[in-house]
Amino acid sequence: MTTGAPLHPPTARPRRSRLRRYLPLGVAAWLVLEIWLLTLVAGVIGGLGVFLLLVAGFMAGSVVIKRAGRRAFRSLNEALQRGGSPARGEGNGLMMLGGLLLMIPGLASDAAGLLLLLPPVQKAVSRFTENALDKRLRTAAPGSLGDAFQQVRIHRPDGKVVQGEVIREDRPEPGEQYPPLTR
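These figures come from a predicted structure and were not determined experimentally.

This brings us to the overall build of the protein chain. Across its full length, the protein chain carries six helices and two strands. Its helices and strands taken in sequence order, the protein chain reads α-α-α-α-α-α-β-β from the N to the C terminus. Counting only residues that meet the buried cut, the protein chain has 15% of its 183 residues in that class. Counted over contacts in the protein chain with a minimum sequence separation of 6, partners at least 24 positions apart contribute 43%. As displayed, the protein chain has an accessible area near 15700 Å², and 64% of this comes from carbon and sulfur atoms.

Okay, here's the thing in structure tokens:
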């Protein structure tokens, strides 16, 4: 006897990306490593010493983030006043990440944060991430997010896509003047 519901063969589940598959395992391994290191150090210097290390790491991380943020804001202001874009390769983002890792309780994260504060490590990490991002954007399929950086499309109401660029020229009417842009 059937209930009238059609029987469909089971469909294959889409494959999960490597990141989604291994990220929980990596986070769990990181937590186990942090706890193991904290108990190991606590056995040597005591619980109060570990607490003071964690507080010192938090305070150092907050100072690093504050300084890197100020430096990034200052370079952005200077670039905007010059009329250009901020200089690349200053490492403010990596310094902020290093400060954040210092603020996270744990000794392994503190070691990783201290490594990110070293200029040679910052250069190597930024070069690696820039190359990886550039490679991924170059191999992006048409119509994907990576392709959005290379194309601009104008959508018409009927659903058709017209590729092009908009050029707008504002010219004052005869006898009309625009106020100066500088103060």
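Next comes the rest of the write-up.
All right, on to a positive patch on the surface then. A cluster of basic residues, R15, R16, R18, R20 and R21, forms a positive patch at the surface. Relative to the assigned elements, R16 resides in the segment before α1 (18-45). By relative accessible area, which is 43% here, R16 ends up partly exposed.

Turning to helix α4 (residues 107-116), a few remarks are in order. Looking at α4, one finds that the buried residues are L107, A108, S109, D110, G113 and L116. Those residues of α4 that are buried lie in contact with α1, α2 (47-82), α3 (92-103) and α5 (119-138).

Here the focus is a nonpolar patch on the surface. On the surface, a nonpolar cluster with roughly 620 Å² of combined accessible area is contributed by L48, F51, L52, V55, F58 and M59. Of note, F51 is situated in helix α2.

Bringing the side chain of S109 into the picture now. Note that S109 resides in helix α4. Classification of S109 as buried rests on a relative accessible area of 1%. A distance of 3.2 Å separates a polar atom in the side chain of S109 from the backbone oxygen of G106. Aside from chain neighbours lying at most four places away, what touches S109 is W30, E34, L101, L102 and I104.

The next thing to look at is the side chain of N92. Relative to the assigned elements, N92 resides in helix α3. Accessibility expressed as a relative area gives 10% for N92, which makes it buried. Among the polar contacts listed, one links the side chain of N92 to the side chain of R71, at a separation of 3.0 Å. Beyond its immediate stretch of four places on either side in the chain, N92 contacts A68, R71, A72 and S75.

Below, the discussion takes up the packing of α1 against α4. At a closest axis distance of 7 Å, the pairing of α1 and α4 adopts a crossing angle of 105 degrees. Between α1 and α4, the interaxial angle falls into the category roughly perpendicular. On α4, the residues touching W30, L33, E34, L37, L38 and V41 of α1 are L107, A108 and S109. Along the lines of polarity and charge, the residues of the contact of α1 with α4 split into seven nonpolar, one polar and one charged.

The next thing to look at is the confidence of the model for the protein chain. For the protein chain, the mean per-residue pLDDT works out to 79, and 68% of the residues sit at or above 70. Here residues 152-156 is a poorly scored stretch, pLDDT under 50, and it has 14 contacts once near neighbours within four places are set aside; other chains count.

The next thing to look at is the packing of α1 against α2. Where α1 contacts α2, the two axes come as close as 7 Å, and the packing angle between them is 125 degrees. Judged by the inter-axis angle, α1 sits oblique to α2. Where α1 approaches α2, its residues L38, V41, A42 and I45 are matched on the opposing element by G47, G49, V50, L53 and L54. Counted by class, the contact of α1 with α2 contains seven nonpolar, two polar and no charged residues.

Here is what the cut-offs are and how they apply
Residues numbered from 1 in each chain as written. Predicted model: local features only at pLDDT ≥ 70, side-chain atom pairs only at ≥ 80, totals over all residues. Heavy atoms only, no water. Helix = DSSP H or I, 4+ residues; strand = E, 2+ residues; numbered from the N terminus. Buried < 20%, exposed > 50% of the residue type's maximum accessible area, 1.4 Å probe, protein only. Contact = heavy atoms within 4.5 Å. Areas by Shrake-Rupley, 256 points an atom, 1.4 Å probe, with all protein chains shown as cover. Patch = residues over 30% accessible without salt bridge, like charges linked within 9 Å, V, L, I, M, F, W, Y side chains within 5 Å. Salt bridge = Lys/Arg side-chain N within 4 Å of Asp/Glu carboxyl O. Lys, Arg positive; Asp, Glu negative; His and termini not counted. Charge placed at Lys NZ, Arg CZ, Asp CG, Glu CD. Polar contact = N/O pair within 3.5 Å; in protein donor to acceptor, adjacent residues only side chain to side chain. Axes fitted to C-alpha atoms, helices over the stretch in contact; angles between N-to-C directions. Parallel < 35°, antiparallel > 145°, perpendicular 65-115°, else oblique. Nonpolar A, V, L, I, M, F, W, Y, C, P; charged D, E, K, R; others polar. pLDDT = per-residue confidence, 0-100.

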